Amino acid sequence: MAGATTTHYTKLSHHPHMKRPNLYQITTLSVLCSLFYFLGVWQHSPNTTSPTSPKPCPTIQTTQTTTLDFETHHTHNATDQPNSSYPACDVGFSEYTPCEDTKRSLKFPREKLLYRERHCPEKGELMRCLVPAPSGYRNPFEWPTSRDLAWFANVPHKELSVEKAVQNWIRVEGDRFRFPGGGTMFSRGADAYIDGIEELVPLRDGSIRTAIDTGCGVASWGGYLLSRNIITMSFAPRDSHEAQVQFALERGVPAMIGVMASNRLPYPSRAFDMAHCSRCLIPWAQYDGQFLIEVDRVLRPGGYWILSGPPINWKRHYKGWQRTKEDLNAEQTSIENVARSLCWKKIKEKGDLAIWQKPTNHIHCKANRRVIQSPQFCSSPDPDSAWYTKMETCITPLPEASNIREFAGGELKRWPERLTAVPPRILSGSIKGVSPDTFNQDTELWKRRVGHYKRANNQLSQKGRYRNLLDMNAHLGGFAAALIDDPVWVMNVVPTIAPVNTLGVVYERGLIGTYQDWCEAMSTYPRTYDLIHADSVFTLYNDRCEMEDILLEMDRILRPEGTVVFRDDVDMLVKVKAIADRMRWESMIFDHEDGPMEREKILLAVKNYWTAPAQ
């Protein structure tokens, strides 16, 4: 080549006729390779600093190349996918609730409603099939329309519309149900009933945010309180009236299957600003007042207890209730005595309503134990222990207060400031490893993470696409807090094996939640949730129970075409995806919000629409 420098040729060991490359070409090629290598690393790095040796991760598909289908496709029944690894359960299991199974419950004593408590199947009894939706199932109406309407095919039960016809709980109108907002004590509707409470208790100034409704019916009380920015944990036993909790959830109102029997309610102490019973049929004065003592445990200092129905206003209603004056008067006297022994103050009795208030601290209450001998204060060390923990007939002591005006444990901010203010349990240092700074950082972190989720699934940004959400490992409630402006509610679960019990913090933020062991089924109906968030759940439960059993439970409580967002180590998500692909789910792994070099990834899954065959 003209102008090129001539070089000598030498024999190479295996290629005697190979020409030796030009030194200049070698140098140039080396420099270019190195340059492009470092440029490539820099472009894919979460920041622009010099790259270090990253941990190796399997190659995954990302949002740039893959999209999941979140649209509705109501065309498939259970026979459309005969090669699915997991078969469909029999149509008779379409409302299966494993831990409240009516056949199993009959093996337990009926005294004190013990048979209606949680009684979960043993490992050998677990079903390895997919619970079908009933034929004709449709996506629920969007909120707030869903508060008043539900599809008949989704909960095909007419019993309540007949049994409670006079009380206006529910009506059948063609292919749908209508919920007029009536109730046993709501003769003028739930809204008017709540207006009556508001004359006695402030409901709009933000001081009351969390409520609990015992024996909730179809949860109209909780449904109508939402317009006043009060979120209610409603519960009732399974089959006390057919499908009442299922109707509540279909309406988009928070609810769980539950009963007051021998175990504590699955909530921490000092959780609720207000508790309510409207003819809930709970024998408050029996068993040494144990049920009212449990309400006292979960009420925050200064919280309210509202009672309507028997025996309140018995002089007017005793004939309709078909009870004697003497019987009703004795019942009310007994309730008044239990409330007084808990140091509650009766605020008002007006018409069908009676309202008591819990003291803001126990300074006077402890002093008067010399006069009021029973109940005494509990000596048990953990007032927040509430998973298969037996109720006690002793008062759960409030944190110490320095004077009579002080709120024990710290006064809560009013809503909505309460959501982002540092909760008193963190300020007091009682939550191990969580400081005010880490709490604030967690709040900001979850805003960023939820923004990343919405970019991966744009339907999460569409108002009305989702309503009932579940966070399986809620920690401080950051996921729910980041969604507070969306028309959704979140059931925040703190697993019983979590290293730190943070459910009290969740409630102090003005959110709701429950304890749960994910090696067991949840106390809810199939098809409860539109979206499930599972942050490090499978790392937490690794080697504790079978991954597929947790995933099958998630499938049971997820609606057809519902979404699951998993966060976990990539190796764990690969295992999860392998099972999800056998469950009629479509799934894809995405990068962490901080980029592809993070081992933690996100698995987004969508449950396909399918139903039981038409009968």
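The rules behind each value
- Residues numbered from 1 in each chain as written.
- Predicted model: local features only at pLDDT ≥ 70, side-chain atom pairs only at ≥ 80, totals over all residues.
- Heavy atoms only, no water.
- UniProt positions renumbered as here; feature names shortened; annotations may be inferred.
- Helix = DSSP H or I, 4+ residues; strand = E, 2+ residues; numbered from the N terminus.
- Contact = heavy atoms within 4.5 Å.
- Areas by Shrake-Rupley, 256 points an atom, 1.4 Å probe, with all protein chains shown as cover.
- Phe/Tyr/Trp six-rings, centres within 6.5 Å; stacked < 30°, edge-to-face > 60°.
- Buried < 20%, exposed > 50% of the residue type's maximum accessible area, 1.4 Å probe, protein only.
- Axes fitted to C-alpha atoms, helices over the stretch in contact; angles between N-to-C directions.
- Parallel < 35°, antiparallel > 145°, perpendicular 65-115°, else oblique.
- Left-handed = near helix turned anticlockwise from the far one by under 90°.
- Nonpolar A, V, L, I, M, F, W, Y, C, P; charged D, E, K, R; others polar.

Per an unreviewed UniProt entry, the chain goes by the name Methyltransferase and belongs to Acorus calamus. The Sequence similarities (unreviewed entry) comment attached to the chain in UniProt states, word for word, "Belongs to the methyltransferase superfamily."

Draft legend 1. Summary view of the overall build of the chain. Helix and strand counts for the chain come out as 18 helices and 17 strands. For the chain, the share of sequence-separated contacts (at least 6 apart) that also reach a separation of at least 24 residues comes to 70%. Taken as a whole, the chain presents about 28,400 Å² of accessible surface, with 52% of it coming from carbon and sulfur.

Draft legend 2. Fine view of the packing of aromatic side chains. This model, assessed by the stated rule, comprises 18 aromatic pairs. Centre to centre, the rings of W284 and W305 are 5.2 Å apart; their planes meet at 75°, and the pair counts as edge-to-face. Remark: W305 occurs in strand β8 (residues 299–308) and W284 occurs in the loop between β7 (272–278) and α7 (290–298); sequence separation between them is 21 residues. Of the two residues examined, W284 and W305, each falls in the buried class. For the pair F538 and F566, a centre-to-centre distance of 6.0 Å together with 40° between the ring planes defines the contact as tilted. Here F538, found in helix α16 (residues 537–540), pairs with F566, found in strand β15 (residues 558–569); they are 28 residues apart in sequence, far enough to count as distant. This pair shows no difference in class: F538 is buried, exactly as F566 is. Aromatic ring contacts, followed pair by pair, group F152, F177, F179 and F247 into a single cluster.

Draft legend 3. Representation of the packing of helix α17 (residues 547–557) against helix α18 (residues 570–580). Running from amino to carboxyl end, α17 crosses α18 at an angle of 60°, the nearest separation of the two axes being 10 Å. Here α17 is positioned oblique relative to α18, judged by the angle of their axes. Classified by chirality, the crossing of α18 by α17 is right-handed. Packed against α17, whose contacting residues are M547, E548 and L551, the element α18 presents M572, K575, V576 and I579 at the interface. A per-class count over the contact of α17 with α18 returns five nonpolar, no polar and two charged.

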